[in-house]
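Tertiary structure, described
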Amino acid sequence: WKSLVKRQYPDPLDYQRFMGNFSSIVGLATFVVIFLGSNIIKILGWRVGALATPAVMSIVAIPFFACTVFLGVENPAVLHSATMIGTAMILLSRSTKYGLFDPTTQMAYIPLDEESKVKGKAAIDVLGSRVGKSGASLFQQGLVVIFGNIIDASPAVMVVFYAVSIGWMMA
């Protein structure tokens, strides 16, 4: 997505302006989701709150990957569409993650005894998070080496994205 934003806004000042505005909107959207999230979890349950993030990401990614994989982003109109759809996708995924998914993961520790809570949080927060980010970075670098850039690797990214999303929702 950021590669598309950089293509859409090649001037560094325009790019920074876009990313600054985006960060502000993510903060506002996250505030709204956090405010509504507790009611969503109360009314629809913990499972819906936990599944909201991968479900939203998977649904919004359909038009994004349609633009990047099937239409290509050489056309300025498609590039603009892909950038805006990608922005919406990242905005919605971050706000639902911060506002719904993160609180539900913390709720999962409530029934555990104190020692299990500490060990479980340490294992997931330290090991799981770092291994996940490092693995994703390594995978992305491998794709860049193989395909030349991340945009040309969009078909492979799409396959892995949906495999991980399905696995996440099934877990």
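Before any of the text, the structure's been laid out above.
Figured I'd write up the structure that's included with this text. Position labels on residues start from 1 in each chain and follow its written sequence. The model is predicted, so local features are restricted to residues of pLDDT at least 70 and side-chain atom pairs to those at 80 or more, both for listing and for counting; the totals for chains, interfaces and linings are taken over all residues. Computation of side-chain values: all heavy atoms of the structure, hydrogens and water removed.

**Description of the overall build of the protein chain**
- Along the backbone of the protein chain there are six helices and zero strands.
- Along the protein chain, helices (α) and strands (β) appear in the sequence α-α-α-α-α-α when read from the amino end.
- Principal-axis analysis of the C-alpha atoms gives the protein chain an extent of 55 × 35 × 30 Å.
- Across the 171 residues of the protein chain, 31% fall into the buried class.
- By definition in these notes, contact holds between two residues if any of their heavy atoms fall within 4.5 Å. The long-range share in the protein chain, meaning contacts at least 24 apart out of those at least 6 apart in sequence, stands at 70%.
- This count recognises Lys and Arg as positive and Asp and Glu as negative, with His and chain-terminal groups excluded. Charge coordinates come from a single atom per side chain, which is NZ of Lys, CZ of Arg, CG of Asp or CD of Glu. Between the centroid of the 13 positive side chains of the protein chain and the centroid of its 9 negative side chains there is a distance of 3 Å. Working definition: helices are DSSP H or I runs of at least four residues, strands are E runs of at least two. Numbering for both runs from the N terminus. Buried residues are those whose accessible area, probed at 1.4 Å on protein chains only, stays under 20% of the maximum for their type, while exposed residues exceed 50% and partly exposed ones sit between those limits.

**Topic: the packing of aromatic side chains**
- Put simply, two rings from Phe, Tyr or Trp (the six-membered ring, in Trp's case) pair if the centres are within 6.5 Å, and we call them stacked under 30 degrees between planes, edge-to-face over 60, tilted for the rest. The full count for this structure, using the stated rule, is seven aromatic pairs.
- Centre to centre, the rings of Tyr9 and Phe18 are 5.0 Å apart; their planes meet at 25 degrees, and the pair counts as stacked.
- Overall, Phe18 belongs to the buried group, its relative accessible area being 13%.

**Examining the packing of helix H2 (residues 12–44) against helix H4 (residues 76–107)**
- At a minimum axis distance of 8 Å, the contact between H2 and H4 shows a crossing angle of 40 degrees. Relative to H4, the element H2 is oriented oblique. When the axes of H2 and H4 are compared, the crossing they make is right-handed. Residues Phe18, Phe22, Ile25, Val26, Ala29, Thr30, Val33, Ile34, Gly37, Ile40 and Ile41 of H2 touch H4, and the partners they reach there are Met84, Thr87, Ile90, Leu91, Arg94, Ser95, Thr96, Tyr98, Gly99, Leu100, Thr104 and Met107.
- Residues belonging to the contact of H2 with H4 are distributed by class as follows: 15 nonpolar, seven polar and one charged. For helices, the fitted line uses only the C-alpha atoms of the stretch in contact; every axis is such a line through C-alpha atoms, and the angle between N-to-C directions lies from 0 to 180 degrees. We call two directions roughly parallel when the angle between them is under 35 degrees, roughly antiparallel when it is over 145, roughly perpendicular when it lies between 65 and 115, and oblique otherwise. Working rule for handedness: look at the near helix, and if it is turned counterclockwise from the far one by less than a right angle, call the crossing left-handed; if clockwise, right-handed. In this classification, Asp, Glu, Lys and Arg are treated as charged, Ala, Val, Leu, Ile, Met, Phe, Trp, Tyr, Cys and Pro as nonpolar, and every other residue, Gly included, as polar.

**Concerning the nonpolar core**
- Counting residues in each nonpolar core, the largest one holds 25 residues, and the members touching the most others are Trp1, Leu4, Met19 and Phe22.
- Of all the secondary-structure elements, those providing two or more residues to this core are helix H1 (2–8), H2, helix H3 (46–71), H4 and helix H6 (154–170).
- Setting aside residues up to four positions removed in sequence, Trp1 forms contacts with Phe18, Met19, Phe22, Phe64, Thr83, Gly86, Thr87 and Ile90. Nonpolar cores were defined as sets of buried Ala, Val, Leu, Ile, Met, Phe, Trp, Tyr and Cys residues, with membership established by side-chain atoms within 4.5 Å.

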